[in-house]
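# Observations on chain architecture
Chain by chain, the residues:
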Amino acid sequence: MGHGGPGGRGGRGERAERVFGRGDLPLIVLALIEISPRHGYEIIKAIEERCGGAYAPSPGAVYPTLTLLEEQDHVTSSESASGKKLYTITDLGRAYLDENRAQVDGILARLDMFARVQARKALPERVHQAMHTLKHALLLNKTNWSEAEAERVSAVLEQAANAIVDGH
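Residues numbered from 1 in each chain as written. Predicted model: local features only at pLDDT ≥ 70, side-chain atom pairs only at ≥ 80, totals over all residues. Heavy atoms only, no water.

Now for the packing of helix H2 (residues 24-35) against helix H6 (residues 101-121). Two packed helices can be described by the angle between their axes and the distance between those axes. Where H2 meets H6, the axes come as close as 10 Å, and the angle between the chain directions of the two elements is 95 degrees. When the interaxial angle is binned, H2 and H6 end up roughly perpendicular. Here H2 contributes Asp24, Leu27, Ile28, Ala31 and Glu34 to the contact with H6, which in turn contributes Arg101, Gln103, Val104, Ile107, Leu108, Arg110 and Leu111. Considering only residue class, the contact of H2 with H6 consists of 7 nonpolar, 1 polar and 4 charged. (Axes fitted to C-alpha atoms, helices over the stretch in contact; angles between N-to-C directions. Helix = DSSP H or I, 4+ residues; strand = E, 2+ residues; numbered from the N terminus. Parallel < 35°, antiparallel > 145°, perpendicular 65-115°, else oblique. Contact = heavy atoms within 4.5 Å. Nonpolar A, V, L, I, M, F, W, Y, C, P; charged D, E, K, R; others polar.)

If you want it as structure tokens, here you go:
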């Protein structure tokens, strides 16, 4: 099962269905435009960044979505100095987002989770297994966690984390 590599794109790795549910793409596109007016390419890049670089929607999905949002009067477009269309949210689009805020928050949470999963897959298998071993060692510790034992274990974990970050 491929999962794309760094900079992986839709179609080479995780499929869009695994990232977005039905009707999610228009909401996330609208939410991104609410943050700031954007070109189609900027929307693709923003979604890719939100997915940790593991997925980017294709232009063939984003541009028709922008056209749909424009037809629904949720966004307007104007030509920027570069000749590209710049999309801006309308009051109607803002009201639609407000009505669907819980779904938008859920989509954003799923994108964040997707990015975390992809980042974990990028770890070498030996490191991934060592993380599991550590987790199980902590969970299998049946002793009562005294303050001293909790302090000792947290110091060991923090020392290991610092050594990893520092490269020692």
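Under the definition given, this model contains 8 salt bridges. Residue Asp24 is joined to Arg110 by a salt bridge in which the shortest nitrogen-to-oxygen separation is 2.5 Å. Taken together, the residues span a long stretch of sequence, with Asp24 in helix H2 and Arg110 in helix H6 at a distance of 86 residues. Its relative accessible area of 36% is what places Arg110 among the partly exposed residues. Salt-bridge contacts for Arg101 lead to Glu34; the nearest nitrogen and oxygen are separated by 3.2 Å. Of this pair, Arg101 sits in helix H6 while Glu34 sits in helix H2, and the two are 67 residues apart along the sequence. According to the relative accessible area criterion, Glu34 is partly exposed, its value standing at 24%. (Salt bridge = Lys/Arg side-chain N within 4 Å of Asp/Glu carboxyl O. Buried < 20%, exposed > 50% of the residue type's maximum accessible area, 1.4 Å probe, protein only.)

Unlike most non-glycine residues, Asp73 shows phi in positive territory, near 60 degrees. With respect to the helices, strands and loops of the structure, Asp73 is situated in the loop between helix H4 (59-71) and strand E1 (75-79). For Asp73, a relative accessible area of 49% puts it in the partly exposed group.

On the secondary structure map, Thr65 appears in helix H4. A residue is classified by how much of its surface remains accessible, and Thr65, at 9% relative accessible area, is buried. Those residues in contact with Thr65 that lie beyond four places of it in its chain are Leu25, Pro26 and Val29.

Once that is clear, we can look at the packing of aromatic side chains. Both the distance between ring centres and the angle between the ring planes are used here to describe each pair of aromatic rings. Scanning the model with the defined rule gives 1 aromatic pair in all. Ring geometry for Phe20 against Tyr55: centres 6.0 Å apart, planes inclined by 65 degrees, an arrangement best described as edge-to-face. Taken as a pair, Phe20 in the loop between helix H1 (16-19) and H2 and Tyr55 in the loop between helix H3 (40-50) and H4 lie far apart in primary sequence, 35 residues in all. As far as the burial class goes, Phe20 and Tyr55 line up, both buried. (Phe/Tyr/Trp six-rings, centres within 6.5 Å; stacked < 30°, edge-to-face > 60°.)

In terms of nonpolar packing, the biggest core is built from 30 residues, with Phe20, Ile28, Val29, Ile33, Ile43 and Ile47 touching the most fellow members. Contributing elements (two or more residues each) for this core: H2, H3, H4, strand E2 (85-89) and H6. When residues of this core are assigned to their parent elements, the largest contribution, 8 residues, is made by H2. Those residues within four positions of Ile28 in sequence are excluded, and the remaining contacts are Phe20, Ile47, Ile107, Leu108 and Leu111. (Core = buried A, V, L, I, M, F, W, Y, C linked by side-chain atoms within 4.5 Å.)

Tracing the chain through its elements places Arg94 in helix H5 (residues 91-99). Residue Arg94 is classed as partly exposed on the basis of its relative accessible area, which comes to 32%. Remark: the alpha-carbon pair of Arg94 and Val75, spanning 19 residues in sequence, is separated by 9.1 Å. Leave out the neighbours within four places in its chain, and Arg94 touches Glu34 and Ile89.

This part covers H3. Three or more residues of H3 are buried, namely Gly40, Ile43, Ile44, Ala46, Ile47 and Glu48. Considering only its buried residues, H3 is in contact with H2, H4 and E2.

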